[in-house]
Amino acid sequence: MLAAMVDLARTLVRYRSLLWTLVMRELRARYRGSVLGFLWSLLNPLLLLAVYSFVFGMILGPRGLVEVRPYGVFLVTGLFPWIWVSTSLLEGCTSLTANGGLIRKAVFPVEVLPAVAVVANLMHFLLALPIVGVALVAGRLLGYPISGWTAVLLPAVLAIEVVMVAGLAFALSALCVHFKDVRDLLGNLLVLAFFLAPIIYTLSDLPPQFARVVQLNPMTSFTTATQDLLFFGRLPELHVWAIMAAIAAVSWVAGAGLFSRLSDTLVEAV
């Protein structure tokens, strides 16, 4: 399994030019014929942010169910990374079945396809980061104690998270080729994972017994680390970094191992 992990990493490095070419093709194809083009990278998460801000901030907030303020700024620091992760996993899951013609070519490195989904959606997230910056500045101007200097460590969190997301994408893509129900199951699991992650609430908003359940969600450590750096202006505790690194390592090793084990039957099953 460790050998598969190393081989997969070497393959991605070897075909990095192809990976980048496919990522750019994916980005151009997604908005080809669209009037707004890449602006949809900003508008889609903004529309979702507006809906959640209204429902959880304006409706549930006055009832004391969500205490953090300003709620919209808090929400954007957790919601935008989640959109990247969930979309990467959904698209990564079907990346092989949607490109059956490429897989049947003996010289094509199939390992690149799940990585394209992860990197392309990461680009969308990076394009939306200016909105997060504007929200943080607006929060400070409104008088809220939001500190932004810790944001310089955001790339470190993203680097660890990329490894985790890529590992899951590789595992899901190989499983989806053999079991078509995986994508539908994944969609439901992502909805559950969203509400069991501190994205629309903080851990302190929950009773202790529920907070312990939420902490079992692998996404919780990544979400709280991002919120700490961007919203609360504090460094994540050392154990949070350790948990993120452990989750990323397990995801990559397991994903690479499963992908390697099923790779010999991908052409026949796709």
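Owing to the predicted nature of the structure, the values given are computational and were not obtained by experimental measurement. Every chain's residues receive numbers from 1 upward, in the order its sequence appears when written. A pLDDT threshold of at least 70 governs which residues receive local features in this predicted model, and a stricter bar of 80 or more applies before side-chain atom pairs are shown or counted, although totals over entire chains, interfaces and linings include all residues. To get the side-chain values, take all heavy atoms of the structure and skip hydrogens and water.

J.: Whenever I open this one, the overall build of the protein confuses me. Can you help?
T.: Of the regular secondary structure elements, the protein holds twelve helices and zero strands. Counting from the amino terminus, helix and strand elements in the protein follow one another as α-α-α-α-α-α-α-α-α-α-α-α. Counting every position in the protein, which comprises 270 residues, the buried fraction comes to 47%. Only heavy atoms enter the contact rule, under which two residues are in contact if any of them lie within 4.5 Å. Here the analysis covers contacts within the protein between residues at least 6 apart in sequence; of these, 80% occur between residues at least 24 apart. With the model as given, the accessible surface of the protein reaches about 13,500 Å², and the carbon-plus-sulfur share is 69%. Helix numbers and strand numbers start at the N terminus; a helix is a DSSP run of H or I with at least 4 residues, a strand a run of E with at least 2. Whether a residue is buried, partly exposed or exposed follows from its accessible area with a 1.4 Å probe, protein chains only, as a fraction of its type maximum: under 20%, in between, or over 50%, in that order. Values of accessible area rely on a 1.4 Å probe in the Shrake-Rupley scheme; residue burial ignores everything except the protein chains shown.

J.: Whenever I open this one, the side chain of N121 confuses me. Can you help?
T.: Along the chain, N121 turns up in helix α6 (residues 112–141). Only 2.7 Å separates the side chain of N121 from the backbone oxygen of A117, close enough to count as a polar contact. Every residue in contact with N121, bar those within four places of it in the chain, is listed here: R30, W84, T87, S88 and E91. Polar contact is the term for a pair of N or O atoms within 3.5 Å; when the atoms are in protein, one must be able to donate a hydrogen and the other to accept it, and sequence-neighboring residues count only if both atoms are side-chain atoms.

J.: Quick question: what am I supposed to make of the confidence of the model for the protein here?
T.: Per-residue pLDDT for the protein averages 83, and the proportion of residues at 70 or more is 81%. Element-level mean pLDDT values for the protein span from 63 in helix α12 (residues 266–269) up to 94 in helix α7 (residues 154–178). Every residue gets a pLDDT, meaning the predictor's confidence in that residue, from 0 to 100.

J.: Even after reading the chapter, I still don't get the nonpolar core, so can you show me in this structure?
T.: It is characteristic of soluble globular proteins that their nonpolar side chains tend to be buried jointly. We define the nonpolar core as a collection of buried residues of types Ala, Val, Leu, Ile, Met, Phe, Trp, Tyr and Cys that are connected through side-chain atoms lying within 4.5 Å of one another. The biggest cluster of nonpolar side chains holds 51 residues, and the ones touching the most others in it are F80, W84, I199 and M244. Secondary-structure elements contributing two or more residues to this core are α4 (71–93), α6, α7, α8 (182–195), α10 (218–232) and α11 (238–262). With twelve residues, α4 is the single largest residue contributor to this core. The next biggest cluster of nonpolar side chains, apart from the first, holds 24 residues, and it includes L19, L22, L27 and L113.

J.: Looking at this model, I keep getting lost on the pattern of salt bridges. Mind explaining?
T.: Any two side chains of opposite charge can pair, given that their charged atoms come close. By definition, a salt bridge exists where a carboxyl oxygen of Asp or Glu is found within 4 Å of a side-chain nitrogen of Lys or Arg. Counted by the stated rule, this structure contains one salt bridge. For D228, the salt bridge identified is with R234, shortest N-O distance 2.8 Å. Among the residues examined, R234 registers a relative accessible area of 44% and is labelled partly exposed.

J.: Just checking my understanding: could you explain a nonpolar patch on the surface for this structure?
T.: Every patch collects residues that have over 30% relative accessible area and no salt bridge, joining them within 9 Å if they carry like charges and within 5 Å if they are nonpolar side chains (Val, Leu, Ile, Met, Phe, Trp, Tyr). Judged by side-chain polarity, L185, L189, L192, L196 and V213 come together as a nonpolar surface patch covering roughly 430 Å² of accessible area. No other element matches α8, which puts three residues into the nonpolar patch. On the secondary structure map, L189 appears in helix α8. Of the residues examined, L189 reaches a relative accessible area of 46% and is grouped as partly exposed.

J.: Would you mind showing me how to read the packing of α4 against α10 here?
T.: The relative placement of two packed helices is expressed as an angle between their axes plus a distance between the axes. Axis definition: a line fit to C-alpha positions, over the contact stretch in the case of helices; interaxial angles, taken between N-to-C directions, run 0 to 180 degrees. At a closest axis distance of 9 Å, the pairing of α4 and α10 adopts a crossing angle of 140°. Taken as axis vectors, α4 and α10 run oblique relative to one another. Of the two elements, α4 crosses α10, and the hand of that crossing is right-handed. Counted together, V73, F74, T77, G78, P81, W82 and V85 of α4 and M219, T223, T226, Q227, L230, F231 and F232 of α10 form the full contact between these two elements. A class-by-class count of the residues in the contact of α4 with α10 yields nine nonpolar, five polar and no charged. We call two directions roughly parallel when the angle between them is under 35 degrees, roughly antiparallel when it is over 145, roughly perpendicular when it lies between 65 and 115, and oblique otherwise. Note on convention: near helix rotated counterclockwise from far helix by under a right angle means a left-handed crossing. Clockwise means right-handed. Ten residue types, Ala, Val, Leu, Ile, Met, Phe, Trp, Tyr, Cys and Pro, are classed as nonpolar, four, Asp, Glu, Lys and Arg, as charged, and the remainder, Gly among them, as polar.

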